[in-house]
Structures are given as structure tokens and as C-alpha cells.
Amino acid sequence: MLVHSVTALTSHPVITRTIIVIGEGQHDHASAIQLENVSFVEGGAERRDSVRAGLEALEGNGVTRVLIHDAARPFIPSSVIDALLAALDHAPGAVPTLPVADTLARGAETLGDNVPRAGLNRIQTPQAFHFDAILAAHRAWPDGEEATDDAQMLRRAGHDVALVPGDAMLEKITHPADFAAAEARHAANLISRSAMGYDVHRLAAGEELWLGGVLIPHDKGLAGHSDADVALHAITDALLGTICAGDIGMHFPPSDPQWRGAASDRFLDHAASLVRAEGGTIDFIDLTLICEEPKIGPHRAAIRARIAEILNLPLGKVSLKATTTERLGFTGRGEGIAAQAIATVRLPEATE
């Protein structure tokens, strides 16, 4: 949800900086998400404390307008952002709203009187503010009193808050059933892409043989700048291809000494993170290993399991095949091992 929210915000042309407010001890987990052009600030015990921490991190940076958003609303239409920012031209705050369509009534165990719904609004986020006004409202808020949202804090400080049309896509994900609805809503806006990756490495004495993240006992290993795992390299290139992100050499150049002997699961994890940062879902990996030796069959289950583990996929979404070239070519002569991989992902249509 966080990735979807941040991607929507950072892709908007007017938004120039994004701060994610995290809890105590969450820095390592947050950094592993590998989101670009964001910074992290540690929040407080309550939501109000966390928002204030984020606002104060922006103070003194020339910020004049700010959006405050709950990541539990991961789908943010750009049209809502446009409307909020336009409303700030004539008001110090603005919120997206939806009309109340259901009948409202008082009561706990038995039905009470209806509540007129005329003039009632469902308030959503993101909410937009003049920076100085909302920061002052937070600082003036009484200790020990909690606020339902930031817009109410601005109203308490004596400012008007404009209403703009919200969107059903901004429904908050709160209960378990909400996740299924969100997945269905997200899937309807995705397109499928497939891309192929290919790699080959030379077999050499004195080297370890890594295939699919598994160390294979053999009298020779694959030679290369990293651990030369052709299987993971091919899958990495396939995933990078689905998002038009170049090839493995662009991200991990062999001329860079820091990648000498590096485990290739780092490369594959990086490619998967880039796909997910684009709002993508990895649907399937199909890998073919081409060699005369070693025999892949005895190691098939371990290789599939390791690839699934690296990509955080169910085992049924990773396919592994092996073939020979009938003693033809460099693989047939036992000079090296080749790998071909196809990755299938689903991505938002707007992905370039």
C-alpha cells in the first residue's frame, strides 16, 4: 500500500518532495522498500505526533503547500491532487469528500431515529494545506487531545477548509475484506507484460557452481565477475525488461569492484523491487537451463524453491526446465552453461 501511495504522489508533476513517517525501529524495513526520491522521518505515539514530525522536517525548506495522506488509501487519482492544489489558491486548506449515500440512523442494539444526511460528507485523504497554517495549527493543538484529521485542526485554528470532489478509489483499507476489494480494483487497471532474459557463463576449474541461488556440487564452476549464476542473471534481465529498465550490466557493471564475487540473489532482489516500486505484480517466472552437465533434475526442487524465496512468490509461480543441445555448440562441448528466462508481470497502464 505504501508503494502504491508513494508512486502516485511522486509521479505527479507538481509534487517535488515526499516524506514517509515511520514508527520507531522501522528504518531498516522502510529502507528495504527501495523507493526513490523519498526520505524517512520517525513519528510519534499518535497520528497527530507523526504528522507534526513530518511537517517539522520540512520547515525551513521553502515549502509553501503540503499534502498529508494516509497510506491506507493506496489509489490516488491525479485528478484529486489537481483539485486539491487548485483549491489552495483561495483557501488555506482543502479536503476531498464523497456524499453520504446510505441512510443514517442512531442506535446501538435497536434502531433509533434517522439522521438527515443532507450536508454530510465523507472526508478522505490526501488533504492539502498552506504549510505555515497547518504547522501552526499542529503546534497550537492542546496536549492530550486527539484530532480526527488535520483538516479539523486547521478549522480549530480559525481557517476555512475547502471541499473538492473525492473519488471511490480513495476508500480506506481497514478490514480484511477491504484487501480483496482493493486487489480487484487494482487488477482492473493493470496490463500484462512479458520479457525475456538470456545469459551464459564459461565453466572453469576451481570455481563454485551456483545455479538459481543453489550451490551445485561439480568439478567445475561458472566464471564471471560475480558468482556467475546464469539462472538468476537471466531472470534478473527478464524482470528488468518488463519495466524497460535496461539490463543487469547497467545496474551492476562488471567494471565495478564492489560486485566482484557478489551473490546474484542481490541482483534479482533489486530487479524485483524495481518492478514492485512501479506498482507491478510478478505473476510467473519460466526458466530454462541449457547444459550437458551437471544434471539439473536432482537439484530442480531446490532451485525452484530458492528462486521463489528470493522473489517472495508461491512455488507454483516458478517453472524450471533443463535441456541439452545434443552435444552441439559451446554448451554441448561442456564449455559453459546458458540460461533463458521469461518473466510475466502485471503493471499499471501508465508505466513507461
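To keep things clear, this report deals only with the structure shown in the data block. (Residues numbered from 1 in each chain as written. Predicted model: local features only at pLDDT ≥ 70, side-chain atom pairs only at ≥ 80, totals over all residues. Heavy atoms only, no water.)

1. Overview of the overall build of the protein
Convention followed: Numbering goes from the N terminus for both helices and strands, where a helix is a DSSP run of H or I of at least four residues and a strand is a run of E of at least two. For this measure, only C-alpha atoms enter the radius of gyration; the expected value for a globule follows 2.2 Å times N^0.38, where N is the number of residues. Classification of residues uses two cut-offs on accessible area relative to the type maximum, computed with a 1.4 Å probe and protein chains only: under 20% is buried, over 50% is exposed, and between them is partly exposed. It only takes one pair of heavy atoms within 4.5 Å for two residues to be counted as in contact. A 1.4 Å probe and the Shrake-Rupley method give the accessible areas. Residues count as covered only by the protein chains that appear here. We treat Lys and Arg as the positive residues and Asp and Glu as the negative residues; His and chain ends play no part in the count. Where a charge lies is defined by one atom per residue type: Lys uses NZ, Arg uses CZ, Asp uses CG and Glu uses CD.
Check the secondary structure of the protein and you find twelve helices and 16 strands. Relative to the 2.2 N^0.38 estimate, which gives 20 Å for 352 residues, the radius of gyration of the protein is 26 Å and therefore markedly larger than a compact globule would have. For the protein, the spread of C-alpha atoms along the principal axes amounts to about 80 × 50 × 35 Å. For the protein, with 352 residues in total, the buried portion stands at 43%. The long-range share in the protein, meaning contacts at least 24 apart out of those at least 6 apart in sequence, stands at 68%. Accessible surface for the protein amounts to roughly 18,200 Å². Of this, 51% is attributable to carbon and sulfur atoms. The distance from the centre of the 29 positive side-chain charges to the centre of the 46 negative ones in the protein is 3 Å.

2. What to know about the nonpolar core
Where we set the bar: Here, nonpolar core means buried Ala, Val, Leu, Ile, Met, Phe, Trp, Tyr and Cys residues that are tied together by side-chain atoms lying within 4.5 Å of each other.
Core analysis: the largest hydrophobic core is formed by 42 residues, its most contacted members being Leu-211, Leu-239, Ile-282 and Leu-311. Taken together, the elements giving at least two residues each to this core come down to strand 11 (209-211), strand 12 (214-216), helix 8 (230-242), helix 10 (265-277), strand 14 (281-290), helix 11 (300-311), strand 15 (318-323) and strand 16 (336-348). The contacts of Leu-211, once residues within four sequence positions are left out, are Ile-216, Leu-222, Asp-229, Val-230, Ala-231, Leu-289, Ile-296, Ile-303 and Ile-337. Ranked by size, the runner-up nonpolar core spans 16 residues in total, among them Ile-76, Leu-85, Leu-88 and Ala-128.

3. Details of a nonpolar patch on the surface
As a reminder, the rule being used: Nonpolar side chains (Val, Leu, Ile, Met, Phe, Trp, Tyr) are joined into patches within 5 Å and like charges within 9 Å, using only residues with over 30% relative accessible area and no salt bridge. Just to be clear on terms, a salt bridge is a Lys or Arg side-chain nitrogen sitting within 4 Å of an Asp or Glu carboxyl oxygen.
Together, Met-196, Tyr-198, Val-200, Phe-330 and Ile-342 make up an exposed nonpolar region whose accessible area comes to about 440 Å². The topology assignment puts Ile-342 in strand 16. Residue classification places Ile-342 among the partly exposed positions, given a relative accessible area of 38%.

4. What about the packing of aromatic side chains?
The test is simple: Stacked, edge-to-face and tilted are the three classes for Phe, Tyr and Trp ring pairs, Trp counted by its six-membered ring, which pair at centre distances within 6.5 Å; planes under 30 degrees apart are stacked, over 60 edge-to-face, the rest tilted.
Tallying each qualifying case throughout the model produces three aromatic pairs. Judged by centre distance (4.8 Å) and plane angle (85°), the rings of Phe-252 and Trp-259 are edge-to-face. When sorted by exposure, Phe-252 lands in the same class as Trp-259, which is buried. Between Trp-259 and Phe-267, the aromatic rings sit 5.9 Å apart at their centres with planes inclined by 80°, giving edge-to-face as the arrangement. On the basis of relative accessible area, Trp-259 is assigned to the buried category, the value being 11%. Look at Phe-267 and you get buried, because its relative accessible area is 3%. One aromatic cluster in this structure is built from Phe-252, Trp-259 and Phe-267.

5. A look at the layout of surface pockets
Quick reminder of the rule: The definitions used throughout rest on a 1 Å grid laid over the protein atoms alone, on which a cavity is an enclosed set of points accommodating a 1.4 Å probe that cannot get out and a pocket is an open set flanked by protein within 12 Å on both sides along at least five of seven lines; lining residues are those having an atom within 4 Å of a point. Grid points are joined across faces, edges and corners, and a volume is the space filled by probe spheres set on the points. Classification used: nonpolar for Ala, Val, Leu, Ile, Met, Phe, Trp, Tyr, Cys and Pro, charged for Asp, Glu, Lys and Arg, polar for all others including Gly.
Estimates place the volume of the largest pocket at around 1,100 Å³. Counting residues per element, the ones that place at least two in the lining of the largest pocket are helix 1 (2-10), strand 1 (18-22), helix 2 (27-31), helix 3 (47-58) and strand 3 (65-68). The element best represented in the lining of the largest pocket is helix 3, accounting for six residues. Among the residues forming the lining of the largest pocket, the class breakdown is 21 nonpolar, eleven polar and four charged.

6. A closer look at the pairing of strand 10 (residues 190-205)
To be explicit about the condition: Two strands qualify as a pair provided DSSP detects at least 2 bridges between them.
Relative to strand 16, strand 10 runs antiparallel, the two being bridged by 13 bridges. Bridge assignment links His-201 to a residue of strand 16, and that residue is Ile-337. Bridge count for strand 10 against strand 13 (residues 220-223) is four bridges, and the pairing is antiparallel. Of the residues in strand 13, the one forming a bridge with Ala-204 is Gly-221.

7. Description of the packing of helix 3 against helix 5 (residues 131-140)
Condition: The convention used is that axes are lines fitted to C-alpha atoms, helices contributing only their stretch in contact, and that angles between N-to-C directions extend from 0 to 180 degrees. Note that the term roughly parallel is reserved for angles under 35 degrees, roughly antiparallel for angles over 145, roughly perpendicular for angles of 65 to 115, and oblique for everything else. By definition, any crossing whose near helix is turned counterclockwise from its far helix by less than a right angle is left-handed, and any crossing with a clockwise turn is right-handed.
Packing of helix 3 against helix 5 brings their axes to within 10 Å, and their N-to-C directions diverge by 135°. If you check the angle between helix 3 and helix 5, you find them oblique. Handedness of the crossing formed by helix 3 with helix 5: left-handed. Where helix 3 abuts helix 5, its residues Arg-48, Val-51, Arg-52, Leu-55, Glu-56 and Leu-58 lie against Phe-131, Ile-134, Leu-135, His-138 and Arg-139. Its residues placed into classes, the contact of helix 3 with helix 5 shows six nonpolar, one polar and four charged.

8. Side note on helix 11
Rules: One less than the number of residues in a helix, times 1.5 Å, gives the span that helix is expected to have.
Across its twelve residues, helix 11 extends 17 Å between first and last C-alpha, which sits within 8% of the 16 Å expected from 1.5 Å per residue. Where helix 11 is buried, its residues contact strand 11, strand 12, helix 8, helix 10, strand 14 and strand 15. Positive phi shows up at Asn-312, right after helix 11, with a value of about 55°.

9. So, the sheet that holds strand 13
In a beta sheet, neighbouring strands pair by backbone hydrogen bonds and run either parallel or antiparallel. If you walk across this open sheet you meet the five strands as 13-10-16-14-15, and the pairing is mixed. The sheet terminates laterally at strand 13 and strand 15, the two strands that pair on one side only. If you compare each strand with its neighbour and ignore which way they point, the axes differ by 25° on average. Here nine bridges tie strand 14 to strand 16, and the two strands are oriented antiparallel to one another.

10. Observations concerning helix 8
The test is simple: Throughout this description, a polar contact denotes any pair of N or O atoms lying within 3.5 Å of each other; where both atoms belong to protein, one of them has to be capable of donating a hydrogen while the other can accept it, and for residues adjacent in sequence the pair is counted only when both atoms sit in side chains.
Taking 1.5 Å as the rise per residue, helix 8 with 13 residues should run 18 Å; its terminal C-alpha atoms sit 19 Å apart, in good agreement. Across the 13 residues of helix 8, twelve count as buried, placing the element largely inside the fold. By the burial criterion, the buried members of helix 8 are Val-230, Ala-231, Leu-232, His-233, Ala-234, Ile-235, Thr-236, Asp-237, Ala-238, Leu-239, Leu-240 and Thr-242. In this structure Asp-229 caps helix 8, since a side-chain oxygen of it lies 3.1 Å from the backbone nitrogen of Ala-231.

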